[in-house]
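# Observations on the three-dimensional arrangement
One letter stands for each residue in the lines below.
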Amino acid sequence: MTTLYRATFLHTPENPFTHAEALRAEADGGLLVEGGVIRARGAFTDLSAAYPDAPVTDLRGGLLLPGFIDTHVHLPQVRVIGGLGLPLLDWLDQCALPEEARMADVAYARGVARDFTRGLLGAGTTTALVFGSHFAGAVDAFFEEAAKTGLRAVTGLVVSDRLLRGELHTTPERAYTEGKALIERWHGVGRALYAVTPRFSLSASEGILDACAALMREHPGVRFTSHINENTREIEVVRELFPGARDYLDTYERAGLIGRHSVLAHNVHPSDRELGVMAAARCTAAHCPCSNSALGSGFFPLRRHLDAGVHVALGSDVGGGTGFSLLKEGLQAHFMQNLLPGGVPLNPAHLLYLATKAGAEALDLPEVGAFEPGQQFDAVHLAPAPGTPLDAVFRNATSPERALAAAFATGTPGDVARVWIAGDAVHTRD
Ligand SMILES: Nc1nc2[nH]cnc2c(=O)[nH]1
Ligand SMILES: [Zn+2]
C-alpha cells in the first residue's frame with residue numbers, strides 16, 4: 001500500500017552537536033510511504049507531480065516528526081509516577097520496589113503492560129529501551145503486548161541479587177537460565193530485541209554481572225542497559241561494595257558489559273576516566289532530566305559528555321521521571337542546561353535530535369529516527385486542538401523551527417493526534 005503524506009515535517013538525520021544545519025524542515029512537504037517504508041521525500045508539489053496516483057493523507061496544520069525514541073523507561077513503574085520529593089534510594093524503597101513486587105502476578109503485570117504501552121504510544125514514542133521486570137512472566141507479558149500493538153520494544157529481565165527486597169532477588173544461575181530462555185523466545189522476533197539488564201551495581205553481585213556477560217557473549221546483538229552514577233549516596237555504596245573497582249563504570253567494564261550496544265542511564269556524576277571509556281566503547285548515556293530533577297539527582301554534565309565524545313540520548317525514566325512525553329524531557333533538558341553554569345544551550349534541533357535520531361543511534365537501529373528514504377515510516381503527528389495556545393502558535397509561526405520550539409515548550413501527549421510505526425497507525429487521539 002502506498003500513501004503520500006502531506007505535512008509540515010522536520011527531522012534531524014545529522015547530529016546537530018557536530019553538524020551545522022542539521023535540522024531539515026519542509027513547510028509543505030511530502031513523504032511517499034510504500035509498505036511502511038519511506039520511498040521518497042521532498043516538497044509536496046514535486047512528489048504529487050512525480051506520483052500523481054498516490055492517495056494523499058493531508059496532515060497540514062500540525063507538525064509531523066519522526067517517532068520518539070525513549071532510551072530509558074521502566075515498565076513496572078507506570079502506576080507509581082508522581083512519588084515526588086524523595087532521593088533515589090528512599091524513592092526505590094517506598095515507591096518503586098513495592099509496586100515492582102506486584103509484577104510477580106502475571107495478570108497484574110498484563111494490566112501494567114497495557115497501561116505502559118498505551119502511555120508510550122500516546123506520547124508519540126515508537127521505540128523504547130525498557131527496563132522490564134524482575135519476573136520473567138511479566139517480561140513475557142510485555143513482549144506480547146508490544147508485539148500486539150506494534151511498539152518497537154528493546155527490553156529484558158531485570159536482575160538483582162542483593163539490597164532490594166527478597167521477592168525481587170534472583171541468583172546468577174537463574175538470571176542466566178531465565179535470560180537465555182527469554183532471548184531465545186523474543187530476541188529478533190518481529191520488532192522485539194532483548195536487553196540484558198542488571199538493575200544497578202548496588203543490587204548486583206559480581207556473580208550476577210558475570211552471568212549477564214555470559215548472555216551477552218553467547219548472544220551477539222542483544223543490547224545491554226543499566227544505571228550509573230545517578231545519586232551521590234548510591235555511588236558511595238557502590239564504591240564500598242566494589243573495593244577493587246576504579247569507579248562505577250568499572251563494575252560493569254570489568255565484567256565485559258560495556259560496548260557499542262550498552263546504554264547507561266543517568267551518569268550525572270561521572271569521572272573523566274569513565275567518560276573516556278564510554279566514548280572509546282561508543283556506548284550511550286541516557287539522559288533523564290525530569291527524573292534527575294524529581295529525585296534531586298543533580299545536573300547532567302552534558303558539556304563534559306560532548307567534549308569527551310560520549311553519545312547522549314534521552315529517556316523519560318518513568319516512574320522516577322514524571323511522564324512519557326519526550327517533548328517534556330527535551331524542555332527539561334533545555335531548562336537544566338540553561339540553569340547550569342557552563343551548560344550547553346539547546347536549540348530545537350538539539351532537542352529533536354535527542355528525542356529521535358540519538359535514540360536510534362544508541363540502539364543501533366539505522367532503520368528509524370529520521371525521514372530518510374529507505375527508513376521505516378515511524379512518525380508522530382502533533383496537531384493541537386483548535387483554540388489551544390499551541391494551536392495559536394502553530395497558526396502564526398513564521399517557520400517550522402519556531403513551531404517545533406513551541407511544541408517542546410508547551411506540547412503534551414494531548415497534542416499527539418496520530419502515531420505510526422512502519423506505516424501502521426498505532427495510536428489515534430479520540
Ligand atoms: N531512576 C532510577 N534509578 C534506579 N537505579 C536503580 N533502579 C532505579 C530505578 O528504578 N529508577
Ligand atoms: Zn531508571
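Computed from a prediction, not measured in an experiment: that's the story for all the values here.

### Some remarks on helix H12 (residues 326-339)
An α-helix turns once every 3.6 residues. As a result, residues three or four positions apart point the same way. End to end, H12 covers 20 Å across 14 residues, agreeing with the expected 20 Å (1.5 Å per residue, within 8%). For H12, the N-terminal capping position is held by Ser325, with its side-chain oxygen 3.1 Å away from the main-chain nitrogen of Leu327.

### With respect to the layout of surface pockets
Reported here for the largest pocket is a volume of approximately 260 Å³. Around the largest pocket sit 15 residues that line it, and Asn15, Phe17, Thr18, His311 and Tyr353 are the ones nearest its centre. When contributions to the lining of the largest pocket are tallied by element, the ones reaching two or more residues are helix H11 (302-308), strand S14 (311-314), helix H13 (348-355) and helix H14 (357-362). Among the residues making up the lining of the largest pocket, the classes are represented as seven nonpolar, five polar and three charged. In this model, the second largest pocket occupies a volume close to 150 Å³. Lining of the second largest pocket is provided by Thr8, Ala27, Gly61, Gly62, Leu63, Phe394, Arg395, Ala397, Thr398, Ser399, Pro400 and Ala403. Secondary structure elements with two or more residues in the lining of the second largest pocket: helix H15 (389-396) and helix H16 (400-410). Taken together, the residues that form the lining of the second largest pocket break down as six nonpolar, five polar and one charged.

### Overview of the coordination of the zinc ion (ligand 2)
The protein atoms that coordinate the zinc ion (ligand 2) are His72 (NE2), His74 (NE2), His227 (NE2) and Asp317 (OD), at distances spanning 2.0 to 2.4 Å. Taken together, the four donor atoms surrounding the zinc ion (ligand 2) define angles of 88 to 172° at the centre, an arrangement classified as irregular. Between consecutive donor residues of the zinc ion (ligand 2), the sequence gaps follow H-x1-H-x152-H-x89-D. Taken together, the positions of His74 in strand S6 (residues 68-74) and His227 in strand S11 (residues 223-228) put the pair 153 residues apart, joining distant regions of the chain. Classification of His74 by relative accessible area gives buried; the value is 3%. Since its relative accessible area comes to 6%, His227 is described here as buried.

Parameters and conventions
Residues numbered from 1 in each chain as written. Chains lettered and ligands numbered in written order. Predicted model: local features only at pLDDT ≥ 70, side-chain atom pairs only at ≥ 80, totals over all residues. Heavy atoms only, no water. Helix = DSSP H or I, 4+ residues; strand = E, 2+ residues; numbered from the N terminus. Expected span 1.5 Å × (residues − 1). Polar contact = N/O pair within 3.5 Å; in protein donor to acceptor, adjacent residues only side chain to side chain. 1 Å grid on protein atoms, 1.4 Å probe; cavity = no way out; pocket = protein on both sides within 12 Å on 5 of 7 lines; lining within 4 Å. Points joined across faces, edges and corners; volume = space filled by probe spheres on them. Nonpolar A, V, L, I, M, F, W, Y, C, P; charged D, E, K, R; others polar. Donors = N, O, S within 2.8 Å, 3.2 Å for Na, K, Ca; no water. Tetrahedral: all angles 85-135°; square planar, octahedral: opposite > 155°, others 65-115°. Buried < 20%, exposed > 50% of the residue type's maximum accessible area, 1.4 Å probe, protein only.

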